[in-house]
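Examining the three-dimensional arrangement
Here's the letter readout for the chains.
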Amino acid sequence: MAAACAAERIEFIPGSELTAELHGHELHILGFGFDIKHPRLLAELDRFQTVRQNRIREMCAALNKLGIGLQAESVFTLANCQSPGRPHVARALVQGKYCGNMDEAFERFLKKDRPAYVPKFKMSCAHAIELIHRAGGLAVMAHPALNRNDDIIPSVVAAGLDGIEVFHTKHTPAANKRYMDIANKFNLLITGGSDCHGMSKGRPLIGTVRLDYSYIEKLYFA
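Notes on the structure follow. (Residues numbered from 1 in each chain as written. Predicted model: local features only at pLDDT ≥ 70, side-chain atom pairs only at ≥ 80, totals over all residues. Heavy atoms only, no water.)

**Some points on the environment of Glu-130**
Rule in force here: Secondary structure elements are taken from DSSP: a helix is a run of H or I of four residues or more, a strand is a run of E of two residues or more, and numbering for both begins at the N terminus. The classification of residues rests on relative accessible area computed with a 1.4 Å probe and restricted to protein chains. Under 20% of the type maximum is buried, over 50% is exposed, and intermediate values are partly exposed.
Within the secondary structure, Glu-130 sits in helix α6 (residues 125-134). Exposure remark for Glu-130: the relative accessible area of 25% places this residue in the partly exposed category. Remark: the alpha-carbon pair of Glu-130 and Leu-18, spanning 112 residues in sequence, is separated by 12 Å.

**Things to note about the pattern of salt bridges**
What counts here: Salt bridge, as applied in this entry: a Lys or Arg side-chain nitrogen positioned within 4 Å of an Asp or Glu carboxyl oxygen.
With the rule as written, the count across this model stands at ten salt bridges. One salt bridge connects Arg-108 with Glu-104, and the closest N-O pair in it is separated by 2.9 Å. Within this pair, Arg-108 and its partner Glu-104 are both found in helix α5 (residues 102-110), separated by four residues, close to a single helical turn. On the accessibility criterion, Arg-108 (38% relative accessible area) is partly exposed. The partner of Glu-107 in a salt bridge is Lys-111, and the shortest N-O contact between them spans 3.2 Å. Residue Glu-107 is classed as partly exposed on the basis of its relative accessible area of 38%. Residues joined in a network through salt bridges with shared partners are Glu-26, Lys-120 and Lys-122.

**Some thoughts on helix α9 (residues 173-185)**
Test applied: For a helix, the expected span equals 1.5 Å multiplied by the residue count minus one. Here the arc refers to the directions that run from the helix axis out to each C-beta atom.
Its 13 residues give α9 an end-to-end C-alpha distance of 18 Å, which sits within 8% of 18 Å, the value for a rise of 1.5 Å per residue. When α9 is considered as a whole, its buried residues turn out to be Ala-175, Asn-176, Tyr-179, Met-180, Ile-182 and Ala-183. The arc enclosing the buried residues of α9, seen along the axis, measures out at 165 degrees, which places them on a common side. Structural note: α9 exposes Pro-173, Ala-174, Lys-177, Asn-184 and Lys-185 on the side pointing more than 90 degrees away from its buried face. Where α9 ends, the next residue or the one after it, Asn-187, has phi of about 55 degrees, a positive value.

**Details of the sheet that holds strand β2 (residues 25-32)**
Heads up, the condition is: By definition, two strands form a pair when at least two bridges between them are found by DSSP. Here, residues are in contact when the closest pair of their heavy atoms is within 4.5 Å. Axis definition: a line fitted to C-alpha atoms, over the contacting stretch in the case of helices. Angles run 0 to 180 degrees between N-to-C directions.
On the basis of which strands lie adjacent, the open sheet formed by six strands has the order β3-β1-β2-β4-β5-β6 and mixed pairing. Looking along the sheet, the strands with just one partner apiece sit at the ends: β3 (123-124) and β6 (189-193). Seen against the sheet, helix α10 (residues 213-220) touches β4 (138-141), β5 (163-168) and β6 and runs at an angle of roughly 125 degrees to β6.

Quick look at the structure:
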């Protein structure tokens, strides 16, 4: 990715997304600007990727028991990444004509309490933030409006949070304002992103969220 950006003269900022848990609630922590060669971070990311790949295998095994012949390797090929997730399984189900669309795939098989649902591995919020900080990065709470639990934000701040993703494809203008106010209240950095994990309903999300470059500059001087 860094080489591709350099070839097109696009500024590259290393980033990652970690699934974490705090007080029984799932949240996603973004890491920005970390050392991409940090040994501990690389070791942990390798471990997380293996866990995610095994989760895909478990989902496919559950689908096979239901008479759905989807194979894990087909999902890996379609995902073309080291960290596949449920959306890739859903796309593979549609591609294999087992479901008409991704919504049907989730509703019939992949949502929580559906027959092919497999829980995600979650680290503690404190561990996720500490891991990012150890690698020299900044820890940011992803898509807070999707969490539907703003009461948890002060606890995440207390755990060492650096910023909050104010701008997101599923945030409304009202949500943008709300999280801008929260960011200012807790003196948090402001970020934005498309949350692109490949194609979404036939279109790529990457590049659909824009924010002023001044927010990026603040990441460098945090």
